[in-house]
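# Descriptive structure summary
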Amino acid sequence: LVPAFGFPEEGLLEAESRDAFDEQSSQITVKANVAKAAVFLNDIFQGVTNLTLTGLREGTYKLRVEKDGFVAENHVIQVESGESLTFFVELRQE
């Protein structure tokens, strides 16, 4: 995946943890308080939580996590080269 453009710097979802990774790419792990919530990166379905995505380029991405019966969460995340980031998303029941 490649970064999306045009997202504001404000409102970034901060990583729960940040570790060193491959110098050329990055990885993110997306967790939620609800099992098997759908994860979308730049509006493309990636899988369900808990999900690890590798080979990401540095940049800003739109992250959406959703599940039937819960309010979808939309966030902007910043990925930097050589990092392994973990994001936790709290879903609320409708």
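Refer to the structure above for everything that follows.
Here the structure is a predicted model, which is why all the values come from computation and not from measurement.

### Quick notes on the overall build of the protein chain
When its secondary structure is counted, the protein chain shows zero helices and 10 strands. Written out in order from the N terminus, the α and β elements of the protein chain read β-β-β-β-β-β-β-β-β-β. Within the protein chain, the fraction of its 94 residues that count as buried is 45%. A separation threshold of at least 6 residues defines the contact pool for the protein chain, and within that pool the share at least 24 residues apart is 61%. When the accessible surface of the protein chain is summed, it comes to about 5400 Å², and 45% of that surface belongs to carbon and sulfur atoms.

### Description of unusual backbone geometry
Between T49 and N50 the backbone carries a cis peptide bond, its omega angle lying at -10°. Relative to the elements of secondary structure, N50 occurs in the loop between β4 (44-48) and β5 (51-56). Non-glycine residue D43 carries a positive phi angle of around 65°. Relative to the assigned elements, D43 resides in the loop between β3 (38-41) and β4. According to the relative accessible area criterion, D43 is partly exposed, its value standing at 43%.

### Regarding the packing of aromatic side chains
For the structure shown, the criterion picks out one aromatic pair. Between F40 and F45, the ring centres sit 5.6 Å apart and the planes meet at 65°, which makes this aromatic pair edge-to-face. Take F40: its relative accessible area is 13%, and that puts it in the buried class. When the ring centre of F40 is taken as reference, the NZ or CZ atom of R64 above it lies at 4.0 Å.

Rules used throughout
Residues numbered from 1 in each chain as written. Predicted model: local features only at pLDDT ≥ 70, side-chain atom pairs only at ≥ 80, totals over all residues. Heavy atoms only, no water. Helix = DSSP H or I, 4+ residues; strand = E, 2+ residues; numbered from the N terminus. Buried < 20%, exposed > 50% of the residue type's maximum accessible area, 1.4 Å probe, protein only. Contact = heavy atoms within 4.5 Å. Areas by Shrake-Rupley, 256 points an atom, 1.4 Å probe, with all protein chains shown as cover. Phe/Tyr/Trp six-rings, centres within 6.5 Å; stacked < 30°, edge-to-face > 60°. Lys NZ or Arg CZ within 6 Å of the ring centre and 35° of its normal.

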